Amino acid sequence: MERTRNVDIKNKRGITFIELLVVIAIIGIIASVVLPSLNSARDKAREAHAKAQLRNVRTAIASLEDDTGKWPNGCQPATVSNPEIALDASDAGIKQQPTVGDNGTGCIWTSEDIANWKGPYIETPVDPWGNSYWFDPDYYPYKNCATISDEPETVAVLSFGPNGAGINAYDCDDIFLKIQ
């Protein structure tokens, strides 16, 4: 009888340290395969969110133009070539009412423009990476991108993308939407 008890005790032992290490290694391998795909999905979601916000920004600019007859910065539509402006700046006229004055290169907010302003047209024009969206009437898509051919100059609203490279330092990760 005593001999049977010893055999039963030996058969009921727990997992060994080596077995535990093997299970942990397998979990680690699975995690190393899954995490990069999660990061990729997160990046694609940010890009999709930026594109959706850019459509809202384009609508806000159209509303500003309908009300005031001006583009951001107080510029006449399709006449000024170089008044890039961050859309969360006060002179943009998108987020808050601009002030009367000359903003350079022929862009002027008049008292009549201000009287016709019915904004704010959008609450927070900031991209998923925490940077301002920009209005650029002479944007060159993919200008500094070796993998995609340049496109002709266009009027666009844009995000500088994940790297946040600024105005006139355009590159492949810019996310833009043409206005016209």
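Above this note sits the structure.
Since the structure is predicted, the reported quantities are computational estimates derived from the model, not experimental observations.

*Asks:* Can you tell me about the environment of Asp43, naming the residues and giving the values?
*Replies:* With respect to the secondary-structure elements, Asp43 resides in helix α2 (residues 17-68). Asp43 sits in the partly exposed class, given a relative accessible area of 45%. Taking C-alpha positions, Asp43 is 8.7 Å from Pro162, a pair spaced 119 residues apart along the chain.

*Asks:* Now, about the pairing of strand β5 (residues 154-159): what can you tell me, with residues and values included?
*Replies:* Of all 6 residues that make up β5, 6 are buried, and the element is covered over most of its length. Here β5 shows no split at all, with Thr154, Ala156 and Leu158 on one side and Val155, Val157 and Ser159 on the other all buried.

*Asks:* Requested: an account of the state of the cysteines, with residues and values cited.
*Replies:* Summed over the entire model, instances satisfying the criterion amount to 1 disulfide. Put simply, Cys75 and Cys107 are joined by a disulfide, and their sulfur atoms are 1.8 Å apart. Disulfide Cys75-Cys107: torsion about the S-S bond near 90°, hence right-handed. In this pair, Cys75 is assigned in the loop between α2 and β1 (85-86) and Cys107 in the loop between β2 (101-102) and β3 (108-109), connecting sequence segments 32 residues apart.

*Asks:* Could you give an account of the nonpolar core, naming the residues involved and the relevant values?
*Replies:* Val57, Ile61, Leu87, Ile94, Phe135, Val157 and Ile179 are the most contacted members of the largest nonpolar core, which has 23 residues in total. Considering each element in turn, this core owes the most residues, 6 residues, to α2. For Val157, the residues in contact, after removing those within four places along its chain, are Leu54, Val57, Ile61, Leu87, Trp134, Phe135, Ile175, Phe176, Leu177 and Ile179. Core analysis: the second largest hydrophobic core is formed by 8 residues, Ala156, Leu158, Phe160 and Phe176 among them.

*Asks:* For unusual backbone geometry, give the residues involved together with the corresponding values.
*Replies:* The amide bond that connects Gly119 to the next residue, Pro120, takes the cis arrangement and shows omega of 5°. Mapped onto the fold, Pro120 is located in the loop between α3 (111-116) and β4 (134-139). Even without glycine at this site, Asn73 takes up a positive phi of about 80°. Looking at where Asn73 falls in the secondary structure, it is placed in the loop between α2 and β1.

*Asks:* Give me α2: which residues, what numbers.
*Replies:* Over its 52 residues, α2 runs 74 Å from end to end, which matches the ideal 76 Å to within 8%, given 1.5 Å per residue. Buried residues belonging to α2 abut β3, α3, β4, β5 and β6 (175-178). Among the residues trailing α2, Gly69 stands out with phi positive, at a value near 75°.

*Asks:* Account for the pattern of salt bridges, with residues named and values stated.
*Replies:* Summed over all chains, the structure comprises 4 salt bridges. For Lys178, the salt bridge identified is with Glu151, shortest N-O distance 3.3 Å. With Lys178 in strand β6 and Glu151 in the loop between β4 and β5, the pair connects residues that are 27 residues apart, well separated along the chain. Residue classification places Lys178 among the partly exposed residues on the basis of a relative accessible area of 36%.

*Asks:* Now, about the side chain of Asp136: what can you tell me, with residues and values included?
*Replies:* The topology assignment puts Asp136 in strand β4. Here the side chain of Asp136 touches Asp138 through a polar contact of 3.0 Å, landing on its backbone nitrogen.

*Asks:* Residues and numbers for the packing of aromatic side chains, please.
*Replies:* Applying the stated criterion to the full structure yields 4 aromatic pairs. A ring pair is formed by Trp134 and Phe160, whose centres lie 5.9 Å apart and whose planes are at 45°; its orientation type is tilted. In this pair, Trp134 is assigned in strand β4 and Phe160 in the loop between β5 and β6, connecting sequence segments 26 residues apart. The buried category is assigned to Phe160, whose relative accessible area is 4%. For the pair Tyr139 and Phe176, a centre-to-centre distance of 5.2 Å together with 55° between the ring planes defines the contact as tilted. Here Tyr139 is found in strand β4, whereas its partner Phe176 is found in strand β6, with 37 residues between them in sequence.

Definitions and cut-offs
- Residues numbered from 1 in each chain as written.
- Predicted model: local features only at pLDDT ≥ 70, side-chain atom pairs only at ≥ 80, totals over all residues.
- Heavy atoms only, no water.
- Helix = DSSP H or I, 4+ residues; strand = E, 2+ residues; numbered from the N terminus.
- Buried < 20%, exposed > 50% of the residue type's maximum accessible area, 1.4 Å probe, protein only.
- Disulfide = S-S within 2.5 Å.
- Core = buried A, V, L, I, M, F, W, Y, C linked by side-chain atoms within 4.5 Å.
- Contact = heavy atoms within 4.5 Å.
- Expected span 1.5 Å × (residues − 1).
- Salt bridge = Lys/Arg side-chain N within 4 Å of Asp/Glu carboxyl O.
- Polar contact = N/O pair within 3.5 Å; in protein donor to acceptor, adjacent residues only side chain to side chain.
- Phe/Tyr/Trp six-rings, centres within 6.5 Å; stacked < 30°, edge-to-face > 60°.

Interpretation note: all reported values are geometric properties and have no functional meaning in isolation.
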